[in-house]
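Take a look at the letters that make up each chain.
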Amino acid sequence: MQTDFLILGGGIAGLSAAAHLAPLGTATLLEAEADLAYHASARSAALYEPRYGNPVVVALSLASQAFYEGSGLLTPRGLMVVDDAAHEARFRDHLDHFQLDELTIPAAQALWPILNPETVAFAGYAARAKDIDTDALLARYTREARAAGATIRTRARATRITRIPAGWEVEAGGAVFTAKILINAAGAWVDQVAALAGVKPLGFTPLRRSMARIPAPEGMDVRSWPMVIGGGEDWYTKPDAGALIVSPADEDPAEPHDAWADDMVLAEGLARYEEAVTAPVTRLLANWAGLRTFAPDRAPVIGFDAAAPGFFWLAGQGGYGFQLAPAAAELVADLISGRPPALDRALLSNLAPSRFG
């Protein structure tokens, strides 16, 4: 099969790119697993909080705001950060970074009734944080890509990638594909894909992030509670389908694989969470893990490889893939089509693969 754009990876990055590239030429997306968005994209906390992340992530998230505000995909959630009396300076840093309003403890308890006033001394809040309907967003990008003529194949793991005069040849899922431009959106596997293509890997690190679902406290309706982050950023919690999800916010390096939660890491994270609340954890309903993949400087990588013509990196979203996807996908289409990007030059430099030399 011959195509203009061949995208490897069917998560939020690859699907959003396919939706933006398909109107510009023939586009094919290959996903290694049996289902789209099987790995990190299916295991997201699904929050749009544009002030969450490093400056590059924040800039892309803010650039995605106009899309989200008109999308119908957001519902109110709110974000709270809590800390203990020994860490006031750290709390003040969080107030500034997240642009939060400081709350009294009674005001914080009104929003999050299980807050423990004996251990929590400080609380800050922003109402702007929203839940993202990630299933609907993935379906929207898939639908838009197909409507514009894109071909999407699952169970199509790339086993050979060869540079040819016309671009790239990829063997995957028992078929051979040729493309002018190869977009590497393979999540935790991006460096493996690069090596398979004879392109120098950039040093991405997949980091495990674990999650537990626990029952709502007895007799409490948690649906309107905010997402709450501990001051050490070593746990967070968020309502989910009438229950609560709690994460130890772990970042353990891992090889690319179908990740699962570590019981001890979960137990330690849940213990940190319990210190801040009055409702103990009595049992788990479920647990899982995903891999958040970061470049060495923890900023996304979007752009053509300087040493491999036609090889395009769309990688290192690091767990922020949903909240920055609209702006990132638009940038992919701008750079590939030669249109002037709407993003400023400094941000483009901080996203370019060439920043690694």
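Provided above is the structure to which this section pertains.
Reading the values: the criteria
Residues numbered from 1 in each chain as written. Predicted model: local features only at pLDDT ≥ 70, side-chain atom pairs only at ≥ 80, totals over all residues. Heavy atoms only, no water. Core = buried A, V, L, I, M, F, W, Y, C linked by side-chain atoms within 4.5 Å. Buried < 20%, exposed > 50% of the residue type's maximum accessible area, 1.4 Å probe, protein only. Helix = DSSP H or I, 4+ residues; strand = E, 2+ residues; numbered from the N terminus. Domains from an automatic or database assignment. Contact = heavy atoms within 4.5 Å. Phe/Tyr/Trp six-rings, centres within 6.5 Å; stacked < 30°, edge-to-face > 60°. Salt bridge = Lys/Arg side-chain N within 4 Å of Asp/Glu carboxyl O. Axes fitted to C-alpha atoms, helices over the stretch in contact; angles between N-to-C directions. Parallel < 35°, antiparallel > 145°, perpendicular 65-115°, else oblique. Left-handed = near helix turned anticlockwise from the far one by under 90°. Nonpolar A, V, L, I, M, F, W, Y, C, P; charged D, E, K, R; others polar.

Engineer: Would you mind showing me how to read the nonpolar core here?
Structural biologist: Core analysis: the largest hydrophobic core is formed by 66 residues, its most contacted members being Ile183 and Ile302. In terms of residue count, helix H9 (residues 321-337) provides more of this core than any other element does, 9 residues in total. Formed jointly, this core draws a minimum of three residues from each of two domains, domain 1 (2-44 + 133-203 + 296-356) and domain 2 (79-126 + 205-294). Not counting residues up to four positions away in its chain, the partners in contact with Ile302 are Leu60, Phe312, Trp313, Leu314, Ala328, Leu331, Val332, Leu335, Leu351, Ala352 and Pro353.

Engineer: Would you mind going over the packing of aromatic side chains with me for this structure?
Structural biologist: What describes a pair of aromatic rings is the distance from one ring centre to the other and the angle between the planes of the rings. Counted under the stated rule, the structure contains 12 aromatic pairs. Taking the centre distance of 5.6 Å and the plane angle of 25 degrees together, the rings of Tyr52 and Phe98 count as stacked. Residue Tyr52 is found in the loop between strand E3 (47-48) and helix H2 (55-63), and its partner Phe98 is found in helix H4 (residues 88-98); the two are separated by 46 residues along the sequence. A single burial state applies to Tyr52 and to Phe98, both of which are buried. Arranged with centres 5.3 Å apart and planes meeting at 75 degrees, the rings of Phe67 and Tyr68 form a pair that is edge-to-face.

Engineer: Sorry if this is basic, but what is going on with the pattern of salt bridges here?
Structural biologist: What the rule picks out here adds up to 22 salt bridges. Between Arg209 and Glu251 there is a salt bridge, and its shortest N-O distance comes to 3.7 Å. Of this pair, Arg209 sits in strand E13 (residues 205-214) while Glu251 sits in the loop between strand E16 (243-247) and strand E17 (252-253), placing them 42 residues apart in sequence. Beyond isolated ion pairs, a larger network of salt bridges with shared partners links Arg209, Glu251, Arg292 and Arg298.

Engineer: I tried to follow the packing of helix H6 (residues 134-147) against H9 on my own but got confused; where do I start?
Structural biologist: Two measures define how a pair of helices packs: the angle their axes make with one another and the distance between the axes. Packing of H6 against H9 leaves a shortest axis separation of 11 Å and a crossing angle of 30 degrees. What the angle tells us is that H6 and H9 run roughly parallel. For the crossing formed where H6 meets H9, the hand is left-handed. Taking contact as the criterion, the partners of Thr134, Leu137, Leu138 and Tyr141 in H6 are, on H9, Phe322, Ala325 and Pro326. Here the residues of the contact of H6 with H9 are counted per class, giving 6 nonpolar, 1 polar and no charged.

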